[in-house]
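Structural overview for review
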2 protein chains.
Amino acid sequence: MKKIPLLLMGCGGVGRKLIHHIVSCRPLHSKQGVRLRVVGVCDSKSMVVASDVFTEELDDECLAKICKAKSNGSSLLSLSSLGACQVVSSQEIARKAIDIAALLGKSTGFALVDCSASDETIAVLSPGVDMGCCVVLANKKPLTSSIEVYDKLVSQPRRIRHESTVGAGLPVIASLSRIISSGDPVYRIIGCLSGTLGYVMSEVEKGKPFSQVVNGAKSLGYTEPDPRDDLSGMDVARKGLILARLLGYRLDMVDIKVESLYPPEMQPDVMSVEDFLVNGLPLLDKDIEDRITKASSNGNVLRYVCLIENSRCEVGIQELPKDSPLGRLRGSDNLLEIYSRCYKEKALVIQGAGAGNDTTAAGVLADILDIQDLFS
Amino acid sequence: MKKIPLLLMGCGGVGRKLIHHIVSCRPLHSKQGVRLRVVGVCDSKSMVVASDVFTEELDDECLAKICKAKSNGSSLLSLSSLGACQVVSSQEIARKAIDIAALLGKSTGFALVDCSASDETIAVLSPGVDMGCCVVLANKKPLTSSIEVYDKLVSQPRRIRHESTVGAGLPVIASLSRIISSGDPVYRIIGCLSGTLGYVMSEVEKGKPFSQVVNGAKSLGYTEPDPRDDLSGMDVARKGLILARLLGYRLDMVDIKVESLYPPEMQPDVMSVEDFLVNGLPLLDKDIEDRITKASSNGNVLRYVCLIENSRCEVGIQELPKDSPLGRLRGSDNLLEIYSRCYKEKALVIQGAGAGNDTTAAGVLADILDIQDLFS
């Protein structure tokens, strides 16, 4: 039985779903001759860790307790009765994680699995790579940090997977990696990478005012608590940077041209959420309406996309042909068109739900299974 | 430098393109620390093989001569001056290949790469698996043979890849394998897996008679020399069987319900190609036209698809909603909708060119690179 010891960083929605999938897939993975050994779980404040990471792991009962505590909003520090497990406090997390990485990285192999949304994990991931650890990320932050951090993380390309950083579990990174390794040069990627903005652009296309659509999306729970977090395009830009870097572009976040769907004078430090929704947004309706009319008169539609081409990455509204894959897209699905030598005139298209804890965690789990040949 | 020794079986269009890609990707793979060592190339009648497979390989000059001979229609037996390489004749191929597999399979690792269209390779692949070889297939025949052969070939699931057996290089098998390994149960696959039939169904939808479309497709080179090889649906059925078996369905070719687009009385043993094109096909126009009209009156369109669901696999014309991914498909692209727990109401969709030597060979090469962690 091949054993994959792992440390899970982050036990929010995705992390807990991952724990659930790991436990419920035990019979399936056992049939495949693989055993995932969760030796530790941490959030930003504390870590639960097996007392001897070589021989012990957090058993399924312990994992269940961790998930229960976290979904109740409790800290892992509240878990006192966990058998032989240690509970480590905030200051010690990184040091302890690095200790385990040093112990297991070069001997049995070790996977650092980052389902957090923090850039603090870089302090563990970066030395972990040097210690021979594998890295599996749902967290976009480490890959969108400085190019030096990026280079370090991907310095052992067979030891890193990060499918769920773009389009959740959609096989975007896996497919692009295959195309790249087969020597088929990708010269253009264009895609809708935000379900929220996809929904918004679809609805305004039907003739609804932008302000009404955004307010509706917020009340349906489709947006972040402050919809400007979606409308700024920064989340799409992070995904774009990850794709661009995968293609070998030497870019940083500041190099990406990002079109925000609201002007600087409506920024969070100037306007409250409430004020933005009630008084700010309606001022933007006319402009969006005009742009849609203009696009339509050219036989085109508007999509909020990420475009990666000619060493550049741009994020914003583009006018696209109605009958292209992106032009035919409706609703909240993510969709990527990938153009390469093999997919020259007609793109390779990948489409599907690009968000959700279940599919994000499934993507992380598939990544972990994908590196199994590196473990003994 | 990690070395992957391989034997290439089949040097038709795909095999030669693969050789081309292997050679032109040497700088890229070298940067990744991988070296593909082609120790032998065979067609159905002969094999060129390095005299000492441990230390030698067919160099790029030798590979170029092989490609040149084969594209000129010459036999590999005509290649006399190939330095230290041996040329082996038909009777000895399988024995020689198995000898090499036995030598390399358990020591350095060895990949049997099947780009042929023959079921004779099973005689090498099947013992090769027992000898610890990896298997990479573009050839559908071995995976659509008896379930016993299938079980043998996939008995070491980490050692087999066969992306290019379905949809050429489209990341269909890789994506499905990821979904399966993450424990996300796939309950339905429906897809257009024939570019030719996709084109035909698109064109008849525009109102052109079926006979005219098929004759046109033939003269454009879109069909097999005898278009009935496409219209029979048997090629789609093979792909369907491969997908169904990947999902764990215990099916054989005979279990697949296949709708042929021509009746038994127009079969090749009854009617010549010429007769079929001129006199047979027009008799089928009315029926297709009626079915399109009927579908259209339901707001639907007709697509020739493969449907895998509820332990069954069916191949034939289905009436599908106009605004579904398959309903919106035009032209010769392949398109698959995959439904699972994560992609429940809205499918995961993969679309793109599903044929062509370049993309098929690129898929094979990506597969070879994907198993690199099994080599030392």
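Our subject in this report is the structure included herewith. These numbers were taken from a predicted model, which means no experiment stands behind them.

Each copy superposes on the other: chain A lies on chain B with an RMSD of 0.0 Å after a rotation of 180° and an axial shift of 0.0 Å. Taken together, the turn and the small shift mark the pair as related by a two-fold rotation axis. Residues of chain A ranked by C-alpha distance from the rotation axis are headed by Ile350 of chain A, positioned 2.4 Å from it. Interface overlap between copies is the fraction of interface residues in one copy that are interface residues in the other; for chain A against chain B it reaches 100%, indicating a shared surface.

For the rest of this paragraph, the subject is the interface of chain A and chain B. The interface is formed by 43 residues belonging to chain A together with 43 residues belonging to chain B. Taking both sides of the interface into account, the surface hidden between chain A and chain B amounts to around 3,700 Å²; carbon and sulfur atoms contribute 48%. Considering only the side of chain A, the residues that lose the most area to chain B are Arg158, Arg178 and Asp373 of chain A, jointly responsible for 20% of the buried surface there. Taken together, chain A and chain B are joined by 8 salt bridges. The shortest N-O distance in the salt bridge between Arg178 of chain B and Asp367 of chain A comes to 2.9 Å. For the interface between chain A and chain B, the tally reads 21 residue pairs in polar contact (both at pLDDT 80 or more). Of all the secondary-structure elements, those providing two or more residues to the side of chain A that touches chain B are helix H2 (26-31), helix H7 (172-181), strand S13 (348-352) and helix H15 (357-370) of chain A. Broken down by element, the side of chain A that touches chain B gets its largest block of residues, 9 residues, from H15 of chain A.

Turning to the sheet that holds strand S3 (residues 46-49) of chain B, a few remarks are in order. Residues and elements named next belong to chain B. In spatial order, the strands read S4-S3-S2-S1-S5-S6-S7; together these 7 strands make up an open sheet with mixed pairing. Strand pairing shows two members of the sheet lacking a second neighbour, strand S4 (86-89) and strand S7 (160-161), which therefore form its edges. Bridge analysis of strand S1 (residues 2-9) against strand S2 (residues 34-42) gives 8 bridges, and the strand direction is parallel. Bridge assignment links Pro5 to a residue of S2, and that residue is Arg37. Lying over the sheet, helix H5 (residues 122-130) contacts S1, strand S5 (111-114) and strand S6 (134-137), oriented at roughly 155° with respect to S5.

It is worth spelling out the side chain of His162 of chain B at this point. All names here are of chain B. Checked against the element boundaries, His162 lands in the loop between S7 and helix H7 (172-181). A residue is classified by how much of its surface remains accessible, and His162, at 5% relative accessible area, is buried. For His162, the residues in contact, after removing those within four places along its chain, are Leu137, Leu143, Ile173, Ile242, Leu246 and Asp367.

This part is about the nonpolar core. Ranked by internal contacts, the top residues of the largest apolar core, which has 166 residues, are Phe210 and Leu243 of chain A together with Phe210 and Leu243 of chain B. Sequence-distant contacts of Phe210 of chain A, that is, excluding residues within four places in its chain, are made with Val200, Val204, Leu231, Leu261, Leu281, Leu284, Asp285 and Ile288 of chain A. Cys25, Val113, Ile368 and Leu369 of chain A belong to the second-largest nonpolar core, a separate cluster that totals 38 residues.

Here we take up the pattern of salt bridges. All names here are of chain B. Across all of its chains, the model carries 48 salt bridges over all chains by this definition. Here Arg228 ties to Asp226 by a salt bridge, and the two come within 3.0 Å at their closest N and O atoms. Considered together, Arg228 and Asp226 belong to a single accessibility category, that of buried residues.

Below, the discussion takes up the environment of Tyr339 of chain A. Residues and elements named next belong to chain A. By the secondary structure assignment, Tyr339 is in strand S12 (residues 334-340). Expressed as a C-alpha distance, the spacing of Tyr339 and Lys294, which sit 45 residues apart in the sequence, is 27 Å. In contact with Tyr339, other than residues within four places in its own chain, are Pro185, Val186, Tyr187, Arg188, Ile190, Lys344, Glu345, Lys346 and Ala347.

Right, let's talk about the packing of helix H1 (residues 13-24) of chain B against helix H3 (residues 60-71) of chain B for a bit. Residue and element names in this part refer to chain B. Across the interface, H1 lies against H3 with an axial gap of 10 Å and an inter-helix angle of 155°. As far as their axial angle goes, H3 and H1 are roughly antiparallel. The two elements H1 and H3 cross, and the hand of that crossing is left-handed. For the pair formed by H1 and H3, the contact residues are Arg16, Ile19 and Val23 on the first element and Asp60, Leu63, Cys67, Lys70 and Ser71 on the second. For the contact of H1 with H3, the per-class residue count stands at 4 nonpolar, 1 polar and 3 charged.

To continue, consider helix H8 (residues 195-205) of chain A. All names here are of chain A. By the criterion of burial, H8 is predominantly enclosed, with 9 of the 11 residues buried. Those residues of H8 that sit buried are Thr196, Leu197, Gly198, Tyr199, Val200, Met201, Ser202, Glu203 and Val204. In the core, the buried residues of H8 are packed alongside helix H9 (210-219), helix H10 (228-231), helix H11 (234-246), helix H13 (285-297), strand S10 (300-309) and strand S11 (312-321). Just downstream of H8, Gly207 is the residue with a positive phi angle, here 110°.

In this section: the sheet that holds strand S9 (residues 257-258) of chain A. Spatial strand order, S9(A)-S11(A)-S10(A)-S8(A)-S12(A)-S13(A)-S13(B)-S12(B)-S8(B)-S10(B)-S11(B)-S9(B): 12 strands in an open sheet with mixed pairing. Looking at strand neighbours, the two that pair on one side only are S9 of chain A together with strand S9 (257-258) of chain B, the edges of this open sheet. Two elements, strand S8 (residues 186-192) of chain B and strand S12 (residues 334-340) of chain B, share 6 bridges in a ladder whose sense is antiparallel. Within S12 of chain B, the position partnered with Gly191 of chain B by the bridge is Leu336 of chain B. Seen against the sheet, H7 of chain A touches strand S8 (186-192), S12 and S13 of chain A and runs at an angle of roughly 5° to S12 of chain A. On the sheet, H11 of chain A packs against S8, S9, S10, S11 and S12 of chain A and is oriented at approximately 45° with respect to S10 of chain A.

Another point: the packing of aromatic side chains. Residue and element names in this part refer to chain A. Counted according to the given criterion, the structure contains 6 aromatic pairs over all chains. Note on Tyr187 and Tyr339: the rings are 6.5 Å apart at their centroids and 40° apart in plane angle, and the pair reads as tilted. One end of the pair, Tyr187, is in strand S8; the other, Tyr339, is in strand S12, and 152 residues separate them in sequence. Tyr187 sits in the partly exposed class, given a relative accessible area of 34%. Ring geometry for Tyr199 versus Tyr222: centroids 4.9 Å apart, planes at 90°, classification edge-to-face. With a gap of 23 residues between them, Tyr199 in helix H8 and Tyr222 in the loop between H9 and H10 connect regions that are remote in the sequence.

The rules behind the values
- Residues numbered from 1 in each chain as written.
- Chains lettered and ligands numbered in written order.
- Predicted model: local features only at pLDDT ≥ 70, side-chain atom pairs only at ≥ 80, totals over all residues.
- Heavy atoms only, no water.
- Least-squares fit on C-alpha atoms with pLDDT ≥ 70 in both.
- Contact = heavy atoms within 4.5 Å.
- Buried area = accessible area lost by both parts, 1.4 Å probe.
- Salt bridge = Lys/Arg side-chain N within 4 Å of Asp/Glu carboxyl O.
- Polar contact = N/O pair within 3.5 Å; in protein donor to acceptor, adjacent residues only side chain to side chain.
- Helix = DSSP H or I, 4+ residues; strand = E, 2+ residues; numbered from the N terminus.
- Pairing = 2+ DSSP bridges.
- Axes fitted to C-alpha atoms, helices over the stretch in contact; angles between N-to-C directions.
- Buried < 20%, exposed > 50% of the residue type's maximum accessible area, 1.4 Å probe, protein only.
- Core = buried A, V, L, I, M, F, W, Y, C linked by side-chain atoms within 4.5 Å.
- Parallel < 35°, antiparallel > 145°, perpendicular 65-115°, else oblique.
- Left-handed = near helix turned anticlockwise from the far one by under 90°.
- Nonpolar A, V, L, I, M, F, W, Y, C, P; charged D, E, K, R; others polar.
- Phe/Tyr/Trp six-rings, centres within 6.5 Å; stacked < 30°, edge-to-face > 60°.

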